[in-house]
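Residue-level structural notes
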Amino acid sequence: MKTLKDLFEHQLKDLYSAEEQLINALPKMVENAKDEKLKKAFTDHLEETKGHKRRLEEVCDELGIDPFGETCKAMQGLIKEAESFLKEDMTDAVKNAGIIGEAQRVEHYEISGYGTVCTYAEELGYNDIAKKLKKTLDEEYGSDDKLKKLAKDRLNEKAM
Ligand SMILES: [Fe+2]
């Protein structure tokens, strides 16, 4: 890589891999959540995540690059950690609180990644692409917020 544009493209591919992995992992979170609202939050975010993947395909198409080719190792690790957490012996209430924590780690990672590519897009003068990436960034913030509210309003207390 020689330029910020090369780095930008590299990071888009990395995010694409992250979104793909998350699409495969979220059904397991839905299945393991033992609270209807939490299940719904994950189901809704699965649909959003499919949209994020589509947006990255559009962005890559506009840039004339292939979205495939990178494996996001950080997302692999986050998912692996969440899966090993789910294998622990615990009550449903603790599991609900714990899954939220795992899912928020994922959201924070994505927020950081999209924040970076949004800035690169703006700096490189790709204004439409920056807007598109910002939409995803906002949805990641929204999902994190929803999870935080579920934890604080009810699910952490139930695990006390
Ligand atoms: Fe996403």
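I will try to describe carefully the structure that is included in this document. (Residues numbered from 1 in each chain as written. Predicted model: local features only at pLDDT ≥ 70, side-chain atom pairs only at ≥ 80, totals over all residues. Heavy atoms only, no water.)

Moving on, we come to the pattern of salt bridges. The final tally for this structure, using the stated rule, is 13 salt bridges. One salt bridge in this structure joins E81 and R105, with 3.6 Å as the shortest N-O distance. Here E81 is found in helix α3 (residues 73–86), whereas its partner R105 is found in helix α4 (residues 92–123), with 24 residues between them in sequence. R105 gets classed as partly exposed once you look at its relative accessible area, which sits at 45%. (Salt bridge = Lys/Arg side-chain N within 4 Å of Asp/Glu carboxyl O. Helix = DSSP H or I, 4+ residues; strand = E, 2+ residues; numbered from the N terminus. Buried < 20%, exposed > 50% of the residue type's maximum accessible area, 1.4 Å probe, protein only.)

What follows is about the coordination of the iron ion. Each pair of donors in an ideal four-coordinate tetrahedral metal site encloses 109.5 degrees, whereas pairs in an ideal six-coordinate octahedral site enclose 90 or 180 degrees. In this structure, E19 (OE), E19 (OE), H52 (ND1) and E140 (OE) serve as the protein donors to the iron ion, at separations of 1.9 to 2.6 Å. Around the iron ion, the 4 donor atoms sit at angles spanning 53 to 143°, and that spread fits a shape best called irregular. With relative accessibility at 0%, the residue H52 sits in the buried group. Residue E140 is classed as buried on the basis of its relative accessible area of 0%. (Donors = N, O, S within 2.8 Å, 3.2 Å for Na, K, Ca; no water. Tetrahedral: all angles 85-135°; square planar, octahedral: opposite > 155°, others 65-115°.)

Take empty space enclosed by the protein next. For the coordinates displayed, the defined rule picks out 2 cavities of 30 Å³ or more. The volume enclosed by the largest cavity comes to roughly 120 Å³. Taken together, 13 residues line the largest cavity, and the ones lying closest to its centre are F42, H45, E107, S143 and L147. Broken down by secondary-structure element, the contributors of at least two residues to the lining of the largest cavity are α1 (4–32), α2 (36–63), α4 and α5 (127–158). Here the lining of the largest cavity gets 4 residues from one element, more than from any other, and that element is α2. Partitioning the lining of the largest cavity into residue classes produces 8 nonpolar, 2 polar and 3 charged. (1 Å grid on protein atoms, 1.4 Å probe; cavity = no way out; pocket = protein on both sides within 12 Å on 5 of 7 lines; lining within 4 Å. Points joined across faces, edges and corners; volume = space filled by probe spheres on them. Nonpolar A, V, L, I, M, F, W, Y, C, P; charged D, E, K, R; others polar.)

Grouped together as the largest cluster of nonpolar side chains are 26 residues, with contacts concentrated most on L38, F42 and I100. Of all elements in the fold, only α1, α2, α3, α4 and α5 reach the threshold of two or more residues within this core. Sorting elements by how many residues they give to this core places α1 first, with 7 residues. Residues within four places of F42 in sequence aside, it is in contact with L26, M29, V30, A33, I99, A103 and L147. If you look at the next biggest cluster of nonpolar residues, it comprises 19 residues, including Y16, C60, L63 and C118. (Core = buried A, V, L, I, M, F, W, Y, C linked by side-chain atoms within 4.5 Å. Contact = heavy atoms within 4.5 Å.)

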